[in-house]
Amino acid sequence: MLNLQSQRFLDRLFFKYNKIMAVSYKDLGLVNTREMFKRAINGGYAIPAFNFNNMEQLQAIIKASSELKSPVILQVSKGARNYANQTLLRYMAQGAVEYAKELGCARPEIVLHLDHGDSFEICKSCVDFGFSSVMIDGSALPYEENIALTKKVVDYAHQFDVSVEGELGVLAGVEDDVVAEVSHYTKPEEVIDFATRTGVDSLAISIGTSHGAYKFKPEQCTRDPKTGKLVPPPLAFDVLDAVMDKLPGFPIVLHGSSSVPQEYVDMINENGGKLPDAVGIPEEQLRKASKSAVCKINIDSDSRLAFTAAVRKVFADKPGEFDPRKFCGPARDEMEKMYKHKIVDVLASDNKLA
Ligand SMILES: [Zn+2]
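Just so we're clear, the structure is a prediction, and the values are computed from it rather than from any experiment.

A. Molecular detail of the environment of Val265. Structurally, the position occupied by Val265 is in helix H10 (residues 262-270). Residue contacts for Val265: discarding those within four places in its chain leaves Val260, Leu275 and Ala278.

B. Region of the structure containing the packing of aromatic side chains. Per the counting criterion, the structure on display carries four aromatic pairs. Centre to centre, the rings of Tyr156 and Phe160 are 5.1 Å apart; their planes meet at 50 degrees, and the pair counts as tilted. With a relative accessible area of 14%, Tyr156 lands in the buried category. Classification of Phe160 as partly exposed rests on a relative accessible area of 37%. Ring-pair connections join several aromatic residues into one group, and the members of that group are Phe120, Tyr156 and Phe160.

C. Geometry of the packing of H10 against helix H12 (residues 301-317). It is at 8 Å that the axes of H10 and H12 come closest, and there the two elements cross at 35 degrees. Where H10 crosses over H12, the two elements pack in a sense that is left-handed. Contact residues: H10 offers Tyr264, Met267 and Ile268, while H12 offers Asp302, Leu305, Ala306, Thr308, Ala309, Ala310, Arg312 and Lys313. Here the residues of the contact of H10 with H12 sort into seven nonpolar, one polar and three charged.

D. Representation of the packing of helix H6 (residues 120-128) against helix H7 (residues 143-158) in the model. Between H6 and H7, whose axes approach to 10 Å, the crossing angle comes to 15 degrees. Classified by the interaxial angle, the pair formed by H6 and H7 is roughly parallel. Relative to H7, the crossing made by H6 is right-handed. Contacts between H6 and H7 involve Phe120, Cys123, Lys124, Val127 and Asp128 from the first element and Leu149, Lys152, Val153, Tyr156 and Ala157 from the second. Residues belonging to the contact of H6 with H7 are distributed by class as follows: seven nonpolar, no polar and three charged.

E. Broad picture of the side chain of Lys215. Within the secondary structure, Lys215 is located in the loop between strand E9 (210-211) and strand E10 (222-223). As a buried residue without a salt bridge, Lys215 has its nearest oppositely charged side chain in Asp302, at a separation of 6.8 Å. A distance of 3.2 Å separates a polar side-chain atom of Lys215 from the backbone oxygen of Gly256. Those residues in contact with Lys215 that sit more than four places away from it in its chain are Ser210, Gln220, Gly256, Ser257, Ser258, Val279, Gly280 and Ile281.

F. Expanded view of the nonpolar core. Counting residues in each nonpolar core, the largest one holds 89 residues, and the members touching the most others are Phe52 and Leu74. Those residues in contact with Leu74, other than ones at most four positions away along the chain, are Phe50, Phe52, Leu58, Ile61, Ile62, Ala93, Ala96, Ile110, Val111, Leu112 and His113. One finds Met36, Ile41, Ile47 and Cys295 within the second-largest nonpolar core, a separate group that totals eleven residues.

Cut-offs applied
- Position numbers for residues start from 1 in each chain and track the written sequence from start to end.
- The model is predicted, so local features are restricted to residues of pLDDT at least 70 and side-chain atom pairs to those at 80 or more, both for listing and for counting; the totals for chains, interfaces and linings are taken over all residues.
- Remark: hydrogens and water are excluded; side-chain values derive from all non-hydrogen atoms of the structure.
- Numbered from the N terminus, helices here are DSSP runs of H or I no shorter than four residues, and strands are runs of E no shorter than two.
- Contacts were defined at the residue level, with two residues in contact if any of their heavy atoms lie within 4.5 Å.
- Ring pairs are drawn from Phe, Tyr and Trp, using the six-membered ring of Trp, whenever the two centres fall within 6.5 Å, and their geometry is named by plane angle: stacked under 30 degrees, edge-to-face over 60, tilted for the rest.
- To sort residues, take the accessible area from a 1.4 Å probe on protein chains only and compare it with the maximum for the residue type: under 20% means buried, over 50% means exposed, and anything in between is partly exposed.
- Orientation is described by lines fitted to C-alpha atoms, with helices fitted over the stretch in contact, and by angles between N-to-C directions that extend from 0 to 180 degrees.
- In this scheme, a crossing is called left-handed if the near helix is turned counterclockwise away from the far one by less than a right angle; it is called right-handed if the turn is clockwise.
- Note on residue categories: nonpolar means Ala, Val, Leu, Ile, Met, Phe, Trp, Tyr, Cys or Pro, charged means Asp, Glu, Lys or Arg, and polar means any other residue, Gly included.
- In this scheme, roughly parallel covers angles under 35 degrees and roughly antiparallel covers those over 145, while 65 to 115 is roughly perpendicular and the rest are oblique.
- Positive: Lys, Arg. Negative: Asp, Glu. His and the chain ends are not part of the count.
- Throughout this description, the term salt bridge denotes a Lys or Arg side-chain nitrogen within 4 Å of a carboxyl oxygen of Asp or Glu.
- N or O atoms within 3.5 Å of each other form a polar contact, as long as, within protein, one can give a hydrogen and the other can take it, and as long as residues adjacent in sequence are counted only when both atoms are side-chain atoms.
- Note on terminology: a nonpolar core comprises buried Ala, Val, Leu, Ile, Met, Phe, Trp, Tyr and Cys residues joined through side-chain atoms within 4.5 Å.

Structure below.
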């Protein structure tokens, strides 16, 4: 047993250690989501949330968002942390702020966000580590447990002015470690209770979007008689409307909102790939959603597709190429083009910096 004095000494030492280790996102030049979400809802647009795992993706995201003067959310998933290392990703995000300034953004608005945090501990570690926003995904838990876990994260994160995204309803599809066979739409009758009792800053809802590049099974879709391509079922805008009715002006988030551009799927398939019947969310529907209280739209698969399409094309055209810059460079350019298209034509977040 420790006596009181040595216990106090250990507490102080532990606090000092934590103080040294912990860093605030504010010192890194990052921002939380609060102000940008408010402006996005009032302005009828949505903030892009792009996942990143490597330097080329980050360069493309920052170049696209800086040149177009768009706020941006850099998302880090569990898979990204495992792949690239959390420490490295945080310093890359810090570097991204400086890069954005170099590109002419005097005051960039960049959020570093944890995507699909699945425990209090991981959310806490990200808060302590300089993230400005975290998602706690308790959507697979029973309702009351989701509330308790989300509230615990909110209570911790808000001490440091870090914003928190919660989730109600289940998205189908596969994204890193997040796997669900079937989706369950968010129940609008639960959202007031959830938002009030947890204190979350934003809510991810399920209205028919889905993770991955295979968002729908062919039997859920119809086929375009002219092209033979799959046409996905429409998003449940009635559920979105009902949620907005219950929580007027509350920031809503859509996950799994890649459109799986057919040009990339074709480019991949024409150059040795095999992605039969990959299908995403039509961009007109996302454009419509972004005009509502939907103020954050997550796009990950489209960047994977752009990257892979460009790399496959280089390999098919120049089988002798072995300098990674010669295939990662074109991949980066293709991703930048795709991000710019999303920012301007789908989310309308260009020229929206404060
Ligand atoms: Zn997601």
